[in-house]
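Residue strings, one per chain:
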Amino acid sequence: MKKAYHLKTYTTCRRILVSFDLSDLVLRDIKNQPMTEVELQEMRQRSGSYESLFNLKSQKYRQLSLHAQPLGQAKYRRWILQEYTLLARSIFLVGNRIFIGGQAQVLNTLKDCLEILQNDKQRP
């Protein structure tokens, strides 16, 4: 299964989404379709931690004064489920891999992965 978790009002997410052929991906706007606990757990298994899925640049992060308190894995999980803007964006699940964020290196690796899958799909 290939999925993209994004925020359609977020400029970086829109830029990323138009950069790829995403016809085979299930697109999920996390504002309109909140993540389930099962989906978040799947992301954590692939990424290794809830912290890696947490958006430290979110305005909510500062508004809630989360930067001023210790956050363990349980708190990261709880906050991500409670407030969608605290999930890092964009997140792509492709095969058993996860791609988090909009950094060039992440996007280049994602592009390579999607191209390999597309080429494999076209082989007889």
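Remember, predicted model here, so these are calculated numbers, not experimental data. (Residues numbered from 1 in each chain as written. Predicted model: local features only at pLDDT ≥ 70, side-chain atom pairs only at ≥ 80, totals over all residues. Heavy atoms only, no water.)

Another point: the nonpolar core. Met43, Leu53, Phe54, Leu87 and Ile91 are the most contacted members of the largest nonpolar core, which has 23 residues in total. Those elements that provide at least two residues to this core are helix 2 (37-47), helix 4 (73-82), strand 3 (91-94) and strand 4 (97-100). Sort the elements by how many residues they give to this core and helix 4 lands first, with three residues. Ignoring sequence-local partners within four residues, the contact set of Met43 consists of Tyr5, Met35, Leu53, Leu87, Ile91, Leu93 and Ile98. Judged by nonpolar contacts, the second largest core, of 13 residues, contains Ala4, Leu17, Phe92 and Leu110. (Core = buried A, V, L, I, M, F, W, Y, C linked by side-chain atoms within 4.5 Å. Buried < 20%, exposed > 50% of the residue type's maximum accessible area, 1.4 Å probe, protein only. Helix = DSSP H or I, 4+ residues; strand = E, 2+ residues; numbered from the N terminus. Contact = heavy atoms within 4.5 Å.)

This part is about the sheet that holds strand 3. Strand order in the open sheet formed by four strands is 2-1-3-4, and the pairing between neighbours is mixed. The open sheet is flanked by strand 2 (26-29) and strand 4, the only strands paired with a single partner. Direction aside, the axes of adjacent strands within the sheet are offset by 15° on average. Here four bridges tie strand 1 (residues 2-6) to strand 3, and the two strands are oriented antiparallel to one another. Bridged to Ala4 within strand 3 is Phe92. (Pairing = 2+ DSSP bridges. Axes fitted to C-alpha atoms, helices over the stretch in contact; angles between N-to-C directions.)

Here we take up the side chain of His6. Within the element layout of this structure, His6 appears in strand 1. Those residues in contact with His6 that sit more than four places away from it in its chain are Cys13, Leu17, Leu27, Arg28, Asp29, Ile30 and Ser90.

Moving on, we get to the layout of surface pockets. Of the pockets and cavities examined, the largest pocket occupies roughly 290 Å³. Along its surface, the largest pocket is lined by Tyr10, Thr12, Phe54, Asn55, Leu56, Lys57, Ala88, Arg89, Ile100, Gly101, Gly102 and Gln103. Split by residue class, the lining of the largest pocket holds five nonpolar, five polar and two charged. (1 Å grid on protein atoms, 1.4 Å probe; cavity = no way out; pocket = protein on both sides within 12 Å on 5 of 7 lines; lining within 4 Å. Points joined across faces, edges and corners; volume = space filled by probe spheres on them. Nonpolar A, V, L, I, M, F, W, Y, C, P; charged D, E, K, R; others polar.)

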